[in-house]
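Residue-level listing of the chains:
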Amino acid sequence: MADVRWIYDLTIFLYAASVLFYFNDFLQSNRKVNRLAFGLLAVVWALQTAFFVSQAMTKDYFPVITLFETLFFYSWVLVSLSLAIHYFFRIDLLVFFTNIIGFVVLVLSMFLPETPIKAVSHILTSELLLTHVTLAMFSYGAFSLSMVFSVMYLFQHKMLKERKWTPLLRRLPSLGQLEAYAYRMNMLGVPMLLLSIVLGTIWGKMVLPEKFLLDTKVFFSLLLLAAYSFWLYKRYRDTWQKRRLAQANIFAFALLLINFFGVNTSNFHSWW
């Protein structure tokens, strides 16, 4: 892995530069800086893809098992989704805020080993398990973008309420658009998370002797699914104010972070 480590290091450097340029554009609304930041982000995506492919080619399994691999893949998902949404909808501030998360996630992976401490068991290379993890990361990516839309909604709501007509306010989509985008992202994330849990349950029933449904990670995953499903229900019934929906969406994302980083107590959900 040392021969491709330079790709990872270069990715970190260019990602930091892209985020800094986006921050400059956030403060001064400079189109040249914005285009430079976007170009660097596109290069970051290409480098991340190359590094991920190199890992897949050198390992005997799809590299989404260890914490390093899942953090890297999560960051790649965030970059991919932000680039796609920017291409179709041209929401510059979304790309900036989303990639703050993506950059922090990638930096966290720097402190973790690239390869498992011990050999990966054959039961961890099952197609069911790998699909389970991959779908979970894509759902987390969708939920991350939804959270960013909700934060932008609350920010714009506050600015409008206080009658602060700043240039930044003009760069944001309307409140209705932000709320609709958050809804669509959750509509994508919930089915993927549900399918991920179903596949994980099938895999667990096949290979795990213990009562894995009583596991803390499983419990929090079901709680997370319930929280986002309840959010979709309340949004569909239109019984909550949009501001309250945005706040609840951020709370649900906090549960996601707890589930991803804070819950790690079982044998089969422990990181290598």
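Residues numbered from 1 in each chain as written. Predicted model: local features only at pLDDT ≥ 70, side-chain atom pairs only at ≥ 80, totals over all residues. Heavy atoms only, no water.

- The name an unreviewed UniProt entry gives the protein chain is Cytochrome C assembly protein, with Brevibacillus panacihumi as the organism.
- Per UniProt, the protein chain has the following entry under Subcellular location (unreviewed entry): "Membrane". (UniProt positions renumbered as here; feature names shortened; annotations may be inferred.)

1. A look at the nonpolar core
So, point 1. Formed by 78 residues in total, the largest nonpolar core has its most connected members in Tyr74 and Tyr140.
So, point 2. If one sorts the elements of this core by residue count, helix α5 (residues 127-161) sits on top with 14 residues.
So, point 3. For Tyr140, the residues in contact, after removing those within four places along its chain, are Tyr74, Leu193, Leu224, Leu256, Asn259 and Phe260. (Core = buried A, V, L, I, M, F, W, Y, C linked by side-chain atoms within 4.5 Å. Buried < 20%, exposed > 50% of the residue type's maximum accessible area, 1.4 Å probe, protein only. Helix = DSSP H or I, 4+ residues; strand = E, 2+ residues; numbered from the N terminus. Contact = heavy atoms within 4.5 Å.)

2. Some points on the UniProt feature "transmembrane region" (unreviewed entry) in the protein chain
So, point 1. Under the feature "transmembrane region" (unreviewed entry), the UniProt entry names residues 6-24, 36-55, 61-81, 93-112, 132-155, 181-204, 216-233 and 245-263.
So, point 2. The span residues 61-81 is 71% helix and 0% strand, and its two end C-alpha atoms sit 24 Å from each other.
So, point 3. Along residues 216-233 one finds 100% helix and 0% strand; the C-alpha atoms at either end are 25 Å apart.

3. Structural notes on the side chain of Thr98
So, point 1. Relative to the helices and strands, Thr98 resides in helix α4 (residues 92-109).
So, point 2. Judged by its relative accessible area of 1%, Thr98 falls in the buried class.
So, point 3. At 2.7 Å, the side chain of Thr98 forms a polar contact with the backbone oxygen of Leu94.
So, point 4. Setting aside residues no more than four positions away along its own chain, Thr98 makes contact with Leu78, Ser82, Leu145 and Val148. (Polar contact = N/O pair within 3.5 Å; in protein donor to acceptor, adjacent residues only side chain to side chain.)

4. Topic: the packing of α4 against α5
So, point 1. At their nearest, the axes of α4 and α5 sit 10 Å apart, and the two run at 125° to each other. Here α4 is positioned oblique relative to α5, judged by the angle of their axes. Where α4 crosses over α5, the two elements pack in a sense that is right-handed. Where α4 approaches α5, its residues Leu93, Leu94, Phe97, Thr98 and Ile101 are matched on the opposing element by Leu145, Met147, Val148, Phe149 and Met152. (Axes fitted to C-alpha atoms, helices over the stretch in contact; angles between N-to-C directions. Parallel < 35°, antiparallel > 145°, perpendicular 65-115°, else oblique. Left-handed = near helix turned anticlockwise from the far one by under 90°.)

5. So, helix α1 (residues 5-28)
So, point 1. For α1, spanning 24 residues, the distance from its first C-alpha to its last is 35 Å, which sits close to the expected 34 Å at 1.5 Å a residue.
So, point 2. Taken together, the buried positions of α1 are occupied by Ile7, Tyr8, Thr11, Ile12, Leu14, Tyr15, Ala17, Ser18, Val19, Tyr22 and Asp25.
So, point 3. Taken together, the buried residues of α1 touch α2 (31-58), α3 (67-89) and α4.
So, point 4. Ser29 sits one or two residues past α1 and shows a positive phi near 55°. (Expected span 1.5 Å × (residues − 1).)

6. Comments concerning unusual backbone geometry
So, point 1. Even without being a glycine, Ser29 presents a positive backbone phi close to 55°.
So, point 2. Within the secondary structure, Ser29 sits in the loop between α1 and α2.
So, point 3. Positive phi, normally seen in glycine, also occurs at Asp238, with a value near 55°.
So, point 4. Tracing the chain through its elements places Asp238 in the loop between α8 (216-237) and α9 (242-262).

7. Here we look at α5
So, point 1. Here α5 spans 51 Å end to end across 35 residues, near enough to the 51 Å set by a 1.5 Å rise per residue.
So, point 2. Taken from the residues just after α5, Arg163 is the one with a positive phi, measuring 55°.

8. Concerning the pattern of salt bridges
So, point 1. A complete count under the given rule lists five salt bridges for this structure.
So, point 2. A salt bridge links Arg235 to Glu179, with the nearest nitrogen and oxygen atoms 2.8 Å apart. In this pair, Arg235 is assigned in helix α8 and Glu179 in helix α7 (residues 175-207), connecting sequence segments 56 residues apart.
So, point 3. Arg235 gets classed as partly exposed once you look at its relative accessible area, which sits at 23%. (Salt bridge = Lys/Arg side-chain N within 4 Å of Asp/Glu carboxyl O.)

9. Structural notes on the environment of Met192
So, point 1. You can see Met192 is positioned in helix α7.
So, point 2. Overall, the relative accessible area of 21% leaves Met192 in the partly exposed class.
So, point 3. Between the C-alpha atom of Met192 and that of His132, which follows or precedes it by 60 residues, the distance is 9.2 Å.
So, point 4. Once you skip the residues sitting within four places of it in the chain, Met192 turns out to touch Leu135, Phe138, Ser139 and Ala142.

10. Overview of the packing of α2 against α3
So, point 1. It is at 10 Å that the axes of α2 and α3 come closest, and there the two elements cross at 140°. One element, α2, and the other, α3, form an angle in the oblique class. For the element pair α2 and α3, the recorded crossing hand is left-handed. Contacts between α2 and α3 involve Phe38, Leu41, Ala42, Trp45, Gln48, Thr49, Phe51, Phe52 and Gln55 on the former and, on the latter, Phe68, Glu69, Phe72, Phe73, Ser75, Trp76, Val79, Ser80, Ser82, Leu83 and His86.

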